[in-house]
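Given next are the chains, with one letter for each unit.
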Amino acid sequence: MLAPMQGLTNSAMRRLVIDRGRPEVVFTEFLRVSGVSRRRFGRRDMADIAAEQDGVPLVVQLVGHGVEPLVDAALIARDNGARHLNLNLGCPYGRMTTAATGGALLQYPERLAELLPALRRAIAGGFSVKLRAGYEDPRQIFSLLPLLEDAGVDWLVLHPRTVVQKYAGEADHRLTAEVVARTRLPVIANGDIRSAAEGRLMLERTGAAGLMIGRAAMADPLIFARLRGDAPGIPDLEQQARDLHGYLQGLLPLYRERFCGEKQVLDKMKNVLLFIDQPAFADTVRRLKKSRTIPAFARLLEEL
Ligand SMILES: Cc1cc2nc3c(=O)[nH]c(=O)nc-3n(C[C@H](O)[C@H](O)[C@H](O)COP(=O)(O)O)c2cc1C
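In this text the structure is predicted, and so the values were computed from the model without any measurement. (Residues numbered from 1 in each chain as written. Predicted model: local features only at pLDDT ≥ 70, side-chain atom pairs only at ≥ 80, totals over all residues. Heavy atoms only, no water.)

*Asks:* What am I meant to see in the UniProt feature "binding site: FMN" (unreviewed entry) in the chain here?
*Replies:* As recorded in UniProt, the sites labelled "binding site: FMN" (unreviewed entry) are Gln61, Lys130, His159, Gly214 and Arg215. Lining the largest pocket, from the residues just named, are Gln61, Lys130, His159, Gly214 and Arg215. Counting through the fold element by element, Gln61 comes out in strand β4 (residues 56–63). Discounting chain neighbours no more than four positions away, the residues touching Gln61 are Pro4, Phe27, Thr28, Glu29, Phe30, Leu31, Asn86, Asn88 and Lys130. Among the polar contacts listed, one links the side chain of Gln61 to the side chain of Asn86, at a separation of 3.1 Å. When you line up the elements, Gly214 lands in the loop between β9 (210–212) and α9 (215–219). (UniProt positions renumbered as here; feature names shortened; annotations may be inferred. 1 Å grid on protein atoms, 1.4 Å probe; cavity = no way out; pocket = protein on both sides within 12 Å on 5 of 7 lines; lining within 4 Å. Helix = DSSP H or I, 4+ residues; strand = E, 2+ residues; numbered from the N terminus. Contact = heavy atoms within 4.5 Å. Polar contact = N/O pair within 3.5 Å; in protein donor to acceptor, adjacent residues only side chain to side chain.)

*Asks:* Please clarify how helix α11 (residues 237–258) should be interpreted in this entry.
*Replies:* Side chains of residues three or four places apart in an α-helix project in the same direction, reflecting 3.6 residues per turn. Here α11 is 22 residues long and its end C-alpha atoms lie 31 Å apart, about the 32 Å a rise of 1.5 Å per residue gives. Among all positions in α11, only Ala241, Asp243, Leu244, His245, Tyr247, Leu248, Leu251, Leu252 and Tyr255 are buried. The inward-facing, buried residues of α11 contact α1 (11–21), α9, α10 (223–228), α12 (261–273), α13 (282–290) and α14 (294–301). (Expected span 1.5 Å × (residues − 1). Buried < 20%, exposed > 50% of the residue type's maximum accessible area, 1.4 Å probe, protein only.)

*Asks:* Which parts of the structure should I look at to understand the site of the ligand?
*Replies:* Residues in contact with the ligand amount to 17 residues; listed here are only the nearest, Pro4, Gln6, Asn190, Asp192 and Arg215. Between the ligand and the protein, one listed contact pairs an oxygen atom with a backbone N or O atom of Pro4 at 2.8 Å. Within the side chain of Lys130, one N or O atom sits 2.8 Å away from an oxygen atom of the ligand. About the coverage of the ligand: the protein hides 87% of its 610 Å² of free accessible area. Of the pockets mapped on this structure, the ligand occupies the largest pocket. When the residues that make up the shell around the ligand are grouped by side-chain class, the tally is seven nonpolar, seven polar and three charged. (Near = heavy atom within 4 Å. Areas by Shrake-Rupley, 256 points an atom, 1.4 Å probe, with all protein chains shown as cover. Sits in = over half its atoms within 2 Å of the grid points. Nonpolar A, V, L, I, M, F, W, Y, C, P; charged D, E, K, R; others polar.)

This is the structure we're talking about:
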């Protein structure tokens, strides 16, 4: 599965990733649910609500707080065609946490005990949660499992870091294996999967029902095809250059169509470059990051 990544996995990026790697499932970026406006979603976010994209199931992810706003949002999403909804219980940043949304909600299991069954009742299709192992305690997940099971959640995505840990240290997938053994819910493993080989090992070691990949898919959307054996697991350098060229060359027109103005398009392309860390391409990536016009960016791409 392609992970939700705010600022990155917009519909144009999802199209590109589907076209190149064809993950089995894609997620929207988190859609923020307003506690105030009865419309619940911003206009741009509304455009993201659907059951699938390019033939691949699309999971609509909600982040917010309060039973009423979230249930309302789930109903609006359903009425606008969503079939799969996910609740974000992992986001560790900024306003998310001060308003006790995303990962901060893990501090309030009693609110979850009310919220999750209410959401379940409102959602006709699939209902999943994406969560950290705990707020501060990485073993909190074990006290949350009965709550998730009793609420009728269909599956969960586990990123085995704590909320306070943010992205420090390593994801501890021994926890993932333990969670798989202790719940009847399908568990999708997420966090620090950097290559197809690591992904396969992860499935073997944890017994997870599937994988969710974020940052590594921004570096190489073909990772999903590599996992299936539809693209070389370890391409040689020439092939890596062709793959990277094909990726960025394919993304540029999609971003020109989606975003407004040269600066925004370039900024969005440069955002993606932050994830490309092969030392062999460091010099080109550095120059791409400095380019000031789209034609200059496109010319540099030809050097790959
Ligand atoms: C820039 C960025 C944006 C993210 N946005 C979201 C989001 O909207 N919703 C969410 O549940 N997780 C979000 N995440 C977390 C990722 O979905 C994922 O759980 C995390 O990056 C670990 O997976 P990875 O190691 O494969 O990247 C984001 C992560 C990053 C780096």
